[in-house]
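# Survey of secondary and tertiary structure
Letter by letter, the chains look like this.
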Amino acid sequence: MTPDDIDDPSEDWGEPIAELRDLELDPRSDLPLRVRRGIERRFFARDLLTLSWTGITKAFMEWLAMLFTGLSSERKQKEEQ
Amino acid sequence: MLEDVRDQSDEALVAQVRQSRDVDTRAFEQLVRRHQRRVLANCRYMTNAHHDAEDLAQEVFVKAYFALEGFEGRSQFKTWLQRLKINHCLNYLRRRQGVTEVPLADDDDGDGAPVGSQPPTITRELELRDDRARIAATLESMGDTLRVPLVLRDVDGLSYDEIAERLGIGLSAVKMRIKRGREEFRRVFATLGSVGA
């Protein structure tokens, strides 16, 4: 702690200022439940993203495989001719 | 299981969350229950956002859950959560700044005019007899310029240096704002006391 961190001890700021230290507020709704739902939403979004990415990657790989198969069969036909 | 969770320290609960994060959220829910009142009060009075405070508190906890992997345990969970909450609330204020045009980071000390201050209504007057409600009403009546440094110092217990760094203003400006904030807080608090009496 530096000297700058220390309030002037000669100044008494009174009780309301000291009470700020313990300031708390009761939530109106069930906050833990809201938090759990928020976490579940994030997990769902993450899973969906992973799933979509996997789907896109698989589709691309399939397309590549089809392309190479097509090309190689075309080459074979040419060679046979 | 719930009984077990209630008796555990924050650190034990954090370890439990990290072990079984995808399976069991009870340990984390216990941490939320334990710290929700403090986080909510801070979100509410730091931003003065009556309607958004619970959303902000929820976002802080969700963020904490996913950031827990990076929590190294060098500080207490409470302190770590407090830092996260302060950053989140300051970002909210900066986003809102364009709308309310209340400067947070100017070097001018600001006049501390109670932007968005509301005169107490009749129902409010009844509530003001309670000290805690008076504190809340006092903070609500203060502008961002003086309230935010005051909350960071006297609610969160941040050092002047930390406040200066987070708000992007000079150390002397921080000290001045906190001093003036306390003065205004005391003045409004006393005024509301005479209204509620």
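As the structure is a prediction and not an experimental result, all values here were calculated from the model.

### A few points about the domain arrangement of chain B
Residues and elements named next belong to chain B. Looking at chain B, the domain boundaries give domain 1 (1-103) and domain 2 (115-191). Tallying the contact residues gives 19 residues for domain 1 and 17 residues for domain 2. Taken together, both faces of the contact between domain 1 and domain 2 bury some 1,600 Å²; the carbon and sulfur share is 48%. Between domain 1 and domain 2 we count four salt bridges in total. The partner of Lys85 in a salt bridge is Asp156, with the nearest N and O atoms 3.5 Å apart. Linking domain 1 to domain 2 there are twelve residue pairs in polar contact (both at pLDDT 80 or more). Sort the elements by how many residues they give to the side of domain 1 that touches domain 2 and helix H5 (residues 77-100) lands first, with nine residues. Looking at the side of domain 1 that touches domain 2 residue by residue, the class counts come to seven nonpolar, six polar and six charged.

### Looking at the side chain of Asp156 of chain B
With respect to the secondary-structure elements, Asp156 of chain B resides in the loop between helix H8 (144-155) and helix H9 (160-167). In this structure the side chain of Asp156 of chain B is engaged in a polar contact, spanning 2.7 Å, whose partner is the side chain of Asn42 of chain B. Excluding anything up to four places from it in sequence, Asp156 of chain B contacts Arg21 of chain A together with Asn42, Gln82, Lys85, Ile86 and Val151 of chain B.

### A few points about a positive patch on the surface
A surface patch of positive charge is lined by Arg42 and Arg46 of chain A together with Lys63 and Arg95 of chain B. Mapped onto the elements, Lys63 of chain B comes out in helix H4 (residues 53-67). For Lys63 of chain B, a relative accessible area of 36% translates into the label partly exposed.

### With respect to a nonpolar patch on the surface
Taken together, the side chains of Phe60, Met61, Trp63, Leu67, Phe68 and Leu71 of chain A make up a nonpolar region of the molecular surface, amounting to roughly 640 Å² of accessible area. For Phe68 of chain A, the location among the structural elements is in helix H2 (residues 31-80).

### Some thoughts on the nonpolar core
Core analysis: the biggest nonpolar cluster contains 64 residues, and Phe28, Leu139 and Phe185 of chain B have the highest contact counts within it. Take this core: its biggest share by element is ten residues, from helix H3 (residues 26-47) of chain B. The two domains that each donate at least three residues to this core are domain 1 (1-103) and domain 2 (115-191) of chain B. Setting aside residues up to four positions removed in sequence, Phe185 of chain B forms contacts with Pro16, Ile17 and Leu20 of chain A together with Ile135, Thr138, Leu139, Met142 and Leu150 of chain B.

### Remarks on the environment of Asp22 of chain A
Structurally, Asp22 of chain A is set in the loop between helix H1 (14-19) and H2. The sequence separation of Asp22 of chain A and Gly70 of chain A amounts to 48 residues, and the corresponding C-alpha distance is 73 Å. Ignoring any residue separated from it by four or fewer positions in sequence, one finds Asp22 of chain A in contact with Arg38 and Arg132 of chain B.

### Regarding the confidence of the model for chain A
When the pLDDT values of chain A are averaged, the result is 81; 83% of them are 70 or greater. Per-residue pLDDT stays below 50 along residues 1-6 of chain A; that stretch engages in nine contacts with residues further than four places along the chain or on separate chains.

### Focus on the packing of helix H2 (residues 10-19) of chain B against H3 of chain B
All names here are of chain B. Remark: H2 packs on H3, axes separated minimally by 8 Å, with the N-to-C direction vectors making an angle of 145 degrees. Classified by chirality, the crossing of H3 by H2 is left-handed. Where H2 abuts H3, its residues Asp10, Leu13, Val14, Gln16 and Val17 lie against Ala27, Phe28, Gln30, Leu31, Arg34 and His35. When its residues are assigned to classes, the contact of H2 with H3 shows six nonpolar, three polar and two charged.

### Brief notes about H2 of chain B
Every buried residue belonging to H2 of chain B is among Asp10, Leu13, Val14, Gln16 and Val17 of chain B, and all of these are buried. Buried residues of H2 of chain B fall within an arc of 160 degrees about the axis and therefore sit on the same side.

### Re the packing of H2 of chain A against H4 of chain B
Packed helices, taken two at a time, are described by the angle their axes make and the gap between the axes. Between H2 of chain A and H4 of chain B, whose axes approach to 9 Å, the crossing angle comes to 55 degrees. Taken together, H2 of chain A and H4 of chain B sit at an angle that is classed as oblique. Like other packed secondary-structure pairs, H2 of chain A and H4 of chain B cross with a definite hand, here right-handed. Seen from H2 of chain A, the contacting residues are Leu31, Arg34, Val35, Gly38, Ile39, Arg41, Arg42, Phe43 and Arg46 of chain A; seen from H4 of chain B, they are Glu54, Asp55, Ala57, Gln58, Phe61, Val62, Tyr65 and Phe66 of chain B. In terms of residue class, the contact of H2 of chain A with H4 of chain B is built from nine nonpolar, two polar and six charged.

### Digging into the interface of chain A and chain B
Taken residue by residue, the interface counts 33 residues in chain A and 44 residues in chain B. Both sides together, the interface formed by chain A and chain B hides about 3,800 Å², and carbon and sulfur atoms give 58% of it. At the boundary of chain A and chain B, one finds four salt bridges. In this structure, Arg37 of chain B and Asp26 of chain A form a salt bridge, with 2.8 Å as the shortest nitrogen-oxygen distance. The tally of links between chain A and chain B comes to ten residue pairs in polar contact (both at pLDDT 80 or more).

What counts and what doesn't
Residues numbered from 1 in each chain as written. Chains lettered and ligands numbered in written order. Predicted model: local features only at pLDDT ≥ 70, side-chain atom pairs only at ≥ 80, totals over all residues. Heavy atoms only, no water. Domains from an automatic or database assignment. Contact = heavy atoms within 4.5 Å. Buried area = accessible area lost by both parts, 1.4 Å probe. Salt bridge = Lys/Arg side-chain N within 4 Å of Asp/Glu carboxyl O. Polar contact = N/O pair within 3.5 Å; in protein donor to acceptor, adjacent residues only side chain to side chain. Helix = DSSP H or I, 4+ residues; strand = E, 2+ residues; numbered from the N terminus. Nonpolar A, V, L, I, M, F, W, Y, C, P; charged D, E, K, R; others polar. Patch = residues over 30% accessible without salt bridge, like charges linked within 9 Å, V, L, I, M, F, W, Y side chains within 5 Å. Areas by Shrake-Rupley, 256 points an atom, 1.4 Å probe, with all protein chains shown as cover. Lys, Arg positive; Asp, Glu negative; His and termini not counted. Charge placed at Lys NZ, Arg CZ, Asp CG, Glu CD. Buried < 20%, exposed > 50% of the residue type's maximum accessible area, 1.4 Å probe, protein only. Core = buried A, V, L, I, M, F, W, Y, C linked by side-chain atoms within 4.5 Å. pLDDT = per-residue confidence, 0-100. Axes fitted to C-alpha atoms, helices over the stretch in contact; angles between N-to-C directions. Left-handed = near helix turned anticlockwise from the far one by under 90°. Arc of directions from axis to C-beta. Parallel < 35°, antiparallel > 145°, perpendicular 65-115°, else oblique.

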